Amino acid sequence: MALHLNSLTDTFTLANGVQIPCIGYGTWQTPDGETTRDCVKMALDAGYRHIDTAFAYGNEASVGEGIRLSGVKREDIFVTTKHWVTERGYEKTIKAVEASLKNLGMDYMDLYLVHWPCVEKLTPEWKELNAETWRGFERMYQDGKIRALGVSNYEQKHLDPLWETASVKPMVNQLEFHPGYTQMDNILYNQKKGLLVQAWSPLGSGAVLNNEDLKAIAAKYNKSVAQICVRLALQCGILPLPKSTNAARIAANAEVFDFVISDEDVQTLLTFPQLGFSGYSPEDAPADALAASLAE
Ligand code: A2P
């Protein structure tokens, strides 16, 4: 239930003992440059200590700038970035880590995730390619460039083969999760194996926020739908990564430690009719991702 969490600096513990602040600030689709830099600083000013970016977001350098501008010490901030689909394989992965570190202006990252699994329809050697990429992850982990390793958008059929070949097991799986799209079977499978699940688009990219049934639940707690979404993830032991480009909303999205959603409402929220689904699934990953990886 994760009810031991009382503030943005409280943590989940990963399988290797690394502590990860319980709400991350997401930066997907946040424009590179001033916007990302200023938003990251706003999030740190509001007390967030965990920032999530990706090579593919194109804003790693601005994330690094925002962190330095904030004046918060590097070691007090948890920084995640992600490996992109064009960089699969051992050697390319090593170079990808170095490139992301250079973009961020940092000498280590806290968490590195495989952004999307390679899947069968891309190549019959998808399992081997995922294993080779992972070897690159392990190498950089052993070299101290990365403090924790994970995947994103992995289903059981992608995770199981990786589990067999990995000497350092994935510690995190970042999945789309919000009322209206919860992937509960996959989440429970990951949690049973000891992975921490993170929620991307915990607000359904904003698409769930105007739903009248969700508004009615939120009103019972005197909270916004966004706060209900963030709290729901925490109560399910899932680490949410809400994003906003607005200072007041950035702060409000983290005001979730002063109420508890009832078990009955949690069930309603987890079984809500489909709403706000991104349309992205690993076997049918974003068209640009597929095109990019096939072009290699
Ligand atoms: P904005 O940047 O204008 O605040 P998700 O985290 O699921 O990807 O959702 C992000 C989207 O939700 C963004 O469009 C963001 O817009 C919007 N959003 C974030 N927080 C709130 C909030 N508290 N109220 C309304 N919209 C929000």
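In the block above lies the structure referred to throughout.
What counts as what
- Residues numbered from 1 in each chain as written.
- Predicted model: local features only at pLDDT ≥ 70, side-chain atom pairs only at ≥ 80, totals over all residues.
- Heavy atoms only, no water.
- Helix = DSSP H or I, 4+ residues; strand = E, 2+ residues; numbered from the N terminus.
- Expected span 1.5 Å × (residues − 1).
- Buried < 20%, exposed > 50% of the residue type's maximum accessible area, 1.4 Å probe, protein only.
- Contact = heavy atoms within 4.5 Å.
- Core = buried A, V, L, I, M, F, W, Y, C linked by side-chain atoms within 4.5 Å.
- Pairing = 2+ DSSP bridges.
- Axes fitted to C-alpha atoms, helices over the stretch in contact; angles between N-to-C directions.
- Disulfide = S-S within 2.5 Å.
- Phe/Tyr/Trp six-rings, centres within 6.5 Å; stacked < 30°, edge-to-face > 60°.
- Parallel < 35°, antiparallel > 145°, perpendicular 65-115°, else oblique.
- Left-handed = near helix turned anticlockwise from the far one by under 90°.
- Near = heavy atom within 4 Å.
- Polar contact = N/O pair within 3.5 Å; in protein donor to acceptor, adjacent residues only side chain to side chain.
- Areas by Shrake-Rupley, 256 points an atom, 1.4 Å probe, with all protein chains shown as cover.
- Right-handed = clockwise from strand over helix to strand, strands pointing away.

Peer 1: Explain helix H4 (residues 126-142) to me, please; I cannot follow it from the model alone.
Peer 2: One full turn of an α-helix is made of 3.6 residues, so residues set three or four places apart face in the same direction. If you check H4, its first and last C-alpha atoms are 24 Å apart, about what 17 residues at 1.5 Å a residue would give, namely 24 Å. Within the sequence span of H4, burial applies to Trp 126, Asn 130, Ala 131, Thr 133, Trp 134, Gly 136, Phe 137, Glu 138 and Met 140. Lining the buried residues of H4 we find strand E5 (78-83), helix H3 (90-104), strand E6 (109-114), strand E7 (146-152) and helix H5 (156-165). Just beyond H4, the residue with positive phi is Gly 144, at close to 80°.

Peer 1: Got a minute to help me understand the environment of Met 109 in this structure?
Peer 2: Tracing the chain through its elements places Met 109 in strand E6. Under the relative-accessibility criterion, Met 109 is labelled buried at 0%. Apart from residues no more than four positions distant in its own chain, Met 109 is found in contact with Arg 74, Val 79, Thr 81, Val 97, Ser 100, Leu 101, Lys 145, Ile 146 and Arg 147.

Peer 1: What is the right way to look at the nonpolar core in this model?
Peer 2: Side chains of a nonpolar character, in soluble globular proteins, are inclined to be buried together. One finds Ile 23, Ile 67 and Phe 177 to be the most contacted residues of the largest nonpolar core, which totals 82 residues. When neighbours within four sequence positions are excluded, Ile 23 is seen to be in contact with Leu 8, Tyr 48, His 50, Val 230, Leu 234, Leu 239, Pro 240, Pro 242, Ala 254, Val 256 and Phe 257.

Peer 1: Please explain the sheet that holds strand E4 (residues 50-52) as it appears in this structure.
Peer 2: The pairing of strands in a sheet comes from backbone hydrogen bonds and takes either a parallel or an antiparallel form. If you walk across this open sheet you meet the eight strands as E3-E4-E5-E6-E7-E8-E9-E10, and the pairing is parallel. The open sheet has two edge strands with one neighbour each: strand E3 (25-26) and strand E10 (239-240). Bridge count for E5 against E6 is four bridges, and the pairing is parallel. Paired with Thr 81 across the bridge in E6 is Tyr 112. Across the sheet, H4 lies against E5, E6 and E7, angled at about 160° from E7, the strand it touches most. Along the sheet, helix H6 (residues 184-192) contacts strand E8 (172-176) and strand E9 (196-200); its crossing angle with E8, the most-contacted strand, is approximately 170°.

Peer 1: Just to check I follow, could you spell out the state of the cysteines for this structure?
Peer 2: Disulfides are covalent bonds that link the sulfur atoms of two cysteine residues. One pass over the full model with this rule turns up zero disulfides. Note on Cys 236: no disulfide assigned, nearest cysteine sulfur contributed by Cys 229 at a separation of 11 Å. Note on Cys 236: relative accessible area 14%, which makes it buried.

Peer 1: How should I be thinking about the packing of aromatic side chains in this particular structure?
Peer 2: The relative placement of two aromatic rings is captured by the distance of their centres and the angle of their planes. Tallied over the entire structure, the rule returns eight aromatic pairs. Considering the side-chain rings of Trp 28 and Tyr 280, the 6.4 Å spacing of their centres and the 55° angle between planes classify their relative orientation as tilted. Linking Trp 28 in the loop between E3 and helix H1 (34-45) with Tyr 280 in the loop between helix H10 (263-270) and helix H11 (287-295), this pair joins segments that are 252 residues apart in sequence. Owing to a relative accessible area of 22%, Trp 28 belongs among the partly exposed residues under this scheme.

Peer 1: Any chance you could explain the packing of H4 against H5 here in plain terms?
Peer 2: Two numbers describe a pair of packed helices, the interaxial angle and the distance between the axes. Running from N to C, H4 and H5 point in directions that differ by 55°, and their axes come no closer than 10 Å. Our classification of the angle between H4 and H5 gives oblique. Our pair here, H4 against H5, has a crossing hand that is right-handed. Mapping the contact onto sequence places Trp 126, Lys 127, Asn 130, Ala 131 and Trp 134 in H4 and Lys 157, His 158, Pro 161, Leu 162 and Thr 165 in H5.

Peer 1: So what exactly am I meant to see when it comes to the site of the ligand here?
Peer 2: Near the ligand there are 14 residues, and of these Leu 203, Lys 243, Ser 244, Thr 245 and Arg 249 occur at the shortest range. Contact between the ligand and Ser 205: an oxygen atom at 2.9 Å from a main-chain N or O atom of the residue. One of the side-chain N or O atoms of Arg 249 is found 2.7 Å from an oxygen atom in the ligand. In isolation the ligand exposes 560 Å². Once the protein is present, 75% of that is buried.

Peer 1: For this particular structure, what's the right way to read the pairing of E5?
Peer 2: With six of six residues buried, E5 lies mostly within the body of the structure. Here three bridges tie E4 to E5, and the two strands are oriented parallel to one another. Along E5, the bridge assignment pairs His 50 with Phe 78. With helix H2 (residues 60-70) bridging E4 and the parallel E5, this β-α-β connection has right-handed handedness. As a crossover connection, the stretch from E5 through H3 into E6 is right-handed.

In short, the description is geometric, and any link to function would need to be established separately.
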